[in-house]
Amino acid sequence: MEDIEHIEKEMKLINSDGRRLDGRSFDELRPIRIEAGVLRRADGSAYIEWGGNKVLAAVYGPREAHPRHLQDPARALVQCRYNMAPFSVSDRKRPGPDRRSVEISKVISEAFSSVVFKEQFPRTSVDIFIEVLQADAGTRCAGLTAASVALADAGVPMRDLVTSCASGKIDDVVCLDLNKDEDNFGDADCPMAIVPRTGDVVLLQMDGHLTYDEFQKAMGLSIDATKRIYEMQRDALRRRYSVTLEDILKEAPPAAAPVEPEPEQPREDDFGPEGI
Ligand code: UDP
């Protein structure tokens, strides 16, 4: 036990040149790629790769809420199920819900509850499924960011997209977007989600300890990063729905071959100048 504590204390997460072990600076995000509309059978879907995370999000609804006793006659329910595949982490994860996945599902559904126009769809539910295929810390942020794109892809009316990111503290330095090693051996991690248009914070959690100043700095880094991630979400939706002239031509039926005009036949009474 002492050995492990000693190794953790000795483990340096920031090099002498101020770079983190994966080469990033303190305010640098891991590479992010978002694609909208990846599942045919879902009403809306999205896939995100965020550093080593690979996450799928699918949205169904608004559809009649079941079981019926859960129906709210005044508004829709927004429900989320966050799930980690057994093969998504290095030690096989036991399949099925656990305390952590129930907590993450709850905080994500609450985040979306505050942006979906629920009053427009009484007695229905909007069901969000988040499947983590590969995890490398920050999966709730990646899942939430993808689910937001999936909700927009499903055409669910919302105040705005929700964008999520985490910041934390490693080696006494406040850093953006911790990876797995930084999450494991760092001092704190603070995931948040924001509605970029209004600035409302709809998810805020903390694992570890930050002083007031460190917390302010972490929030500043995350808010700044959400602006960049928000653009990536919008780009993914634009790519899905923007139609180029090339697409229109591809969809259009092949143009009919131009019809050669028939050579004009002489009419019976058309005998020309040499006629009768
Ligand atoms: N993790 C794991 N096994 C688990 C749960 C989590 O290996 O059963 C790893 C996984 O890589 C995850 C990371 O620990 O991304 C951090 O988990 P945390 O609970 O902080 O949530 P996250 O940062 O993924 O939102």
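Residues numbered from 1 in each chain as written. Predicted model: local features only at pLDDT ≥ 70, side-chain atom pairs only at ≥ 80, totals over all residues. Heavy atoms only, no water.

### So, the site of the ligand
Next, step 1: Inspection of the region around the ligand gives Met84, Val89, Arg100, Ala135, Asp136, Ala137, Gly138, Thr139, Arg140, Lys180 and Asp183 as its neighbouring residues.
Next, step 2: Residue Arg140 places a side-chain N or O atom 2.8 Å away from an oxygen atom belonging to the ligand.
Next, step 3: When the ligand sits alone it has 510 Å² of accessible area, and the protein chains cover 78% of it.
Next, step 4: Secondary-structure elements contributing two or more residues to the shell around the ligand are helix 3 (139-153) and helix 4 (180-185).
Next, step 5: A class-by-class count of the residues in the shell around the ligand yields four nonpolar, two polar and five charged. (Near = heavy atom within 4 Å. Polar contact = N/O pair within 3.5 Å; in protein donor to acceptor, adjacent residues only side chain to side chain. Areas by Shrake-Rupley, 256 points an atom, 1.4 Å probe, with all protein chains shown as cover. Helix = DSSP H or I, 4+ residues; strand = E, 2+ residues; numbered from the N terminus. Nonpolar A, V, L, I, M, F, W, Y, C, P; charged D, E, K, R; others polar.)

### Quick word on unusual backbone geometry
Next, step 1: A cis amide bond links Gly61 to the next residue, Pro62, at an omega of 5°.
Next, step 2: When you line up the elements, Pro62 lands in strand 3 (residues 53-64).
Next, step 3: In this chain, His66 is followed by Pro67 through a cis amide linkage whose omega measures -5°.
Next, step 4: Within the secondary structure layout, Pro67 lies in the loop between strand 3 and strand 4 (77-84).
Next, step 5: For Arg123, which is not a glycine, the phi torsion comes out positive at approximately 65°.
Next, step 6: Residue placement: Arg123 occurs in the loop between helix 2 (99-113) and strand 5 (124-134).

### Here we look at the environment of Ala42
Next, step 1: Within the secondary structure, Ala42 sits in the loop between strand 1 (32-36) and strand 2 (44-50).
Next, step 2: Taking the C-alpha atoms as reference, Ala42 lies 9.8 Å from Asp153; in sequence the two are 111 residues apart.
Next, step 3: For Ala42, the residues in contact, after removing those within four places along its chain, are Ala58, Val59 and Tyr60. (Contact = heavy atoms within 4.5 Å.)

### Remarks on the nonpolar core
Next, step 1: Counting residues in each nonpolar core, the largest one holds 56 residues, and the members touching the most others are Trp50, Phe112 and Ile128.
Next, step 2: It is helix 3 that contributes the most residues to this core, eight residues altogether.
Next, step 3: Sequence-distant contacts of Ile128, defined by excluding residues within four places in its chain, comprise Ala58, Val59, Val78, Gln79, Cys80, Arg81, Phe112, Ala147 and Leu151.
Next, step 4: Counting residues in each nonpolar core, the second largest holds five residues, with Leu13, Ile14, Cys175 and Leu178 among its members. (Core = buried A, V, L, I, M, F, W, Y, C linked by side-chain atoms within 4.5 Å. Buried < 20%, exposed > 50% of the residue type's maximum accessible area, 1.4 Å probe, protein only.)

### Topic: helix 3
Since the α-helix packs 3.6 residues into each turn, any two residues three or four apart lie on the same face.
Next, step 1: When the terminal C-alpha atoms of helix 3 are compared, their 21 Å separation across 15 residues agrees well with the 21 Å that a helix rising 1.5 Å per residue should span.
Next, step 2: The buried fraction of helix 3 amounts to 14 of the 15 residues, a majority that puts the element mostly inside the structure.
Next, step 3: Following helix 3 by one or two positions, Gly155 adopts a phi angle in the positive range, close to 80°. (Expected span 1.5 Å × (residues − 1).)

### Things to note about the packing of aromatic side chains
Next, step 1: If you walk through the whole model with that rule in mind, you get one aromatic pair.
Next, step 2: Summarising the aromatic geometry, the rings of Tyr60 and Phe129 are spaced 5.8 Å apart at their centres and angled 80° between planes, so their arrangement reads as edge-to-face. Here Phe129 lies in strand 5 and Tyr60 lies in strand 3, a separation of 69 residues in the sequence.
Next, step 3: Since its relative accessible area comes to 26%, Phe129 is described here as partly exposed. (Phe/Tyr/Trp six-rings, centres within 6.5 Å; stacked < 30°, edge-to-face > 60°.)

### Focus on the sheet that holds strand 1
Next, step 1: In space, the five strands of this open sheet follow the order 1-2-3-5-4, with mixed pairing throughout. Looking at the sheet topology across the chains shown, the edges are occupied by strand 1 and strand 4. If you compare each strand with its neighbour and ignore which way they point, the axes differ by 15° on average.
Next, step 2: As paired strands, strand 4 and strand 5 are joined by eight bridges and run parallel to one another. Looking at the pairing, Asn83 lines up with Glu131 of strand 5.
Next, step 3: Each of strand 1, strand 2, strand 3, strand 4 and strand 5 is contacted by helix 3, which is oriented at about 150° to strand 2, the strand it contacts most. (Pairing = 2+ DSSP bridges. Axes fitted to C-alpha atoms, helices over the stretch in contact; angles between N-to-C directions.)

All we've got here are geometric facts, nothing functional implied.
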